[in-house]
Amino acid sequence: MHKIITFGIPCYNSAADMDHCITSILEGSNFAPDVEIIIVDDGSKDETPAKADEWEERYPGIIRAIHQENGGHGIAVLSGLREAQGVYYKVVDSDDWLDASALSTMLTILRGFEERGTLVDLFISNYVYEKVHEGKHMTISYHGALPRKKIFGWDKVGYFRPDQNLLMHSLTYRTEVVREADLPMPPHTFYVDNIYAYVPLPLCKTMYYADIDLYRYFIGREGQSVNEATMIRRLDQQFRITRIMMKAYHLYADIKEARLSSYMMGYFTMMMSVCSIFSKLSEDPEMKEENKRIWAELKEYDERMYRHARCGLLGIGTNLPTKAGEKTSIALYRVANRIFKFN
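Residues numbered from 1 in each chain as written. Predicted model: local features only at pLDDT ≥ 70, side-chain atom pairs only at ≥ 80, totals over all residues. Heavy atoms only, no water.

Peer 1: Give a detailed account of the overall build of the protein chain, specifying residues and quantitative values.
Peer 2: When helices and strands are tallied, the protein chain shows 14 helices and 10 strands. Dimensions of the protein chain, computed from C-alpha atoms along their principal axes, come out at roughly 60 × 45 × 35 Å. Counting over 343 residues, the protein chain shows a buried share of 56%. In the protein chain, 76% of the contacts between residues at least 6 apart in sequence involve partners at least 24 apart. As displayed, the protein chain offers around 15,100 Å² of accessible surface, 53% of which is attributable to carbon and sulfur atoms. Once the 41 positive and 47 negative side-chain charges of the protein chain are each reduced to a mean point, those two points are 9 Å apart. (Helix = DSSP H or I, 4+ residues; strand = E, 2+ residues; numbered from the N terminus. Buried < 20%, exposed > 50% of the residue type's maximum accessible area, 1.4 Å probe, protein only. Contact = heavy atoms within 4.5 Å. Areas by Shrake-Rupley, 256 points an atom, 1.4 Å probe, with all protein chains shown as cover. Lys, Arg positive; Asp, Glu negative; His and termini not counted. Charge placed at Lys NZ, Arg CZ, Asp CG, Glu CD.)

Peer 1: A description of the packing of aromatic side chains should follow, citing residues and the corresponding values.
Peer 2: Counted by the stated rule, this structure contains 15 aromatic pairs. Judged by centre distance (5.2 Å) and plane angle (70°), the ring pair of Tyr173 and Tyr196 falls under edge-to-face. Taken together, the residues span a long stretch of sequence, with Tyr173 in strand E9 (residues 171–174) and Tyr196 in helix H6 (residues 193–196) at a distance of 23 residues. Take Tyr173: its relative accessible area is 0%, and that puts it in the buried class. Aromatic pair Phe278 and Tyr333: ring centres 5.7 Å apart, planes at 70°, arrangement edge-to-face. With Phe278 in helix H10 (residues 258–281) and Tyr333 in helix H14 (residues 322–340), this pair connects stretches of sequence that are 55 residues apart. Taking the ring centre of Trp55 as reference, the NZ or CZ of Arg58 above it sits at 4.5 Å. Note that Arg234 overlies the ring of Phe190, its terminal NZ or CZ placed 3.5 Å from the centroid. (Phe/Tyr/Trp six-rings, centres within 6.5 Å; stacked < 30°, edge-to-face > 60°. Lys NZ or Arg CZ within 6 Å of the ring centre and 35° of its normal.)

Peer 1: Please set out the pattern of salt bridges residue by residue, giving values where relevant.
Peer 2: For the coordinates displayed, the defined rule picks out 19 salt bridges. Notably, a salt bridge pairs Asp19 with Lys51, separated by 2.7 Å at the nearest N-O pair. Here Asp19 is found in helix H1 (residues 18–28), whereas its partner Lys51 is found in helix H2 (residues 48–58), with 32 residues between them in sequence. Overall, the relative accessible area of 29% leaves Asp19 in the partly exposed class. Between Arg82 and Glu83 there is a salt bridge; the shortest N-O distance is 3.8 Å. A relative accessible area of 54% places Arg82 in the exposed class. Look at Glu83 and you get partly exposed, because its relative accessible area is 30%. (Salt bridge = Lys/Arg side-chain N within 4 Å of Asp/Glu carboxyl O.)

Peer 1: With reference to specific residues and values, describe the nonpolar core.
Peer 2: If you look at the biggest cluster of nonpolar residues, it comprises 108 residues, and the most contacted ones within it are Leu146 and Tyr196. In contact with Leu146, other than residues within four places in its own chain, are Ile124, Phe152, Val157, Phe160, Leu166 and Tyr209. (Core = buried A, V, L, I, M, F, W, Y, C linked by side-chain atoms within 4.5 Å.)

Peer 1: Please provide a residue-by-residue account of the side chain of Lys90, values included.
Peer 2: Mapping Lys90 onto the fold places it in strand E4 (residues 86–91). The buried charged residue Lys90 lacks any salt bridge, with Asp96 as its nearest oppositely charged partner at 9.6 Å. A polar contact is formed between the side chain of Lys90 and the backbone oxygen of His169, at a distance of 2.9 Å. Not counting chain neighbours up to four residues away, the residues in contact with Lys90 comprise Ile5, Thr6, Phe7, Gly8, Met168, His169, Ser170, Leu171, Thr172, Leu214 and Tyr215. (Polar contact = N/O pair within 3.5 Å; in protein donor to acceptor, adjacent residues only side chain to side chain.)

Peer 1: Explain H10 to me, using residue names and the numbers behind them.
Peer 2: In this model H10 runs 35 Å from its N-terminal to its C-terminal C-alpha over 24 residues, within 8% of the 34 Å that 1.5 Å per residue would give. For H10, the buried fraction is high: 19 of the 24 residues fall into the buried class. (Expected span 1.5 Å × (residues − 1).)

Below is the structure:
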């Protein structure tokens, strides 16, 4: 049957979490036959492969299971995208879930686009940080930054606050658009969701923002990739992703829409600042040298991008010189983290 949307679920040793994720999509969509779920078993060593096959057997025509050698999150995302039959494609991590009411609303809107022949390239919705162990949650919306209840282009977007970046959780791409982006996803690397939320944007000419709290992002699991200690340990991967984003575009030459280039510059500056501040938090002196190297590479690659990233408030604040300046940069990061709750 024709599929309006494909949900790709990358799974690695996800046996403990995947049932909740899959059930939330099935029940939220009312088991609709025009919805597709692709479970990508990324070389799991637990019961994930067997569970994926069981789900496919229970709901043939809706759920498909794909098994592959371990390649990492980005490769699993690409595998789901390659197999997707839906007009739209959304990634849902296996320990996260979707809100039933919001999902129903989204499907109604997407079906309406198709019926009217007005398919948009990018559907944007809110996401919620679910700090289950603390009994707290925090919604990230795009109030003030994006128009609501209308199709729009980049010329209609406003200012994005630091906590309003368009992350993977908020994005549903038209499948052909994200395929055309030819995402440069490195294997066995965390933080590839930044590439997913950055590289396809210039191909998105039409957008729609639904003010619905769709994606529920689980926070608090030990060893989670956004945990500060884990980010410090995997800082080499953060540098790898940031370099890929750097080389994706000369933002002021390649991106014709001024508001899009401004937004992407802000996102990329945040990535550079993350490298800077976490190199200071790391006890590995090599990471400080790596931070110097990546800034030098940016200056050589694109002088204008370098000036905007390095000479703005974020670039200055996360790269203060001397030991005292380093302590001040870390203190500023702590304050910002309390305000915006980055991790």
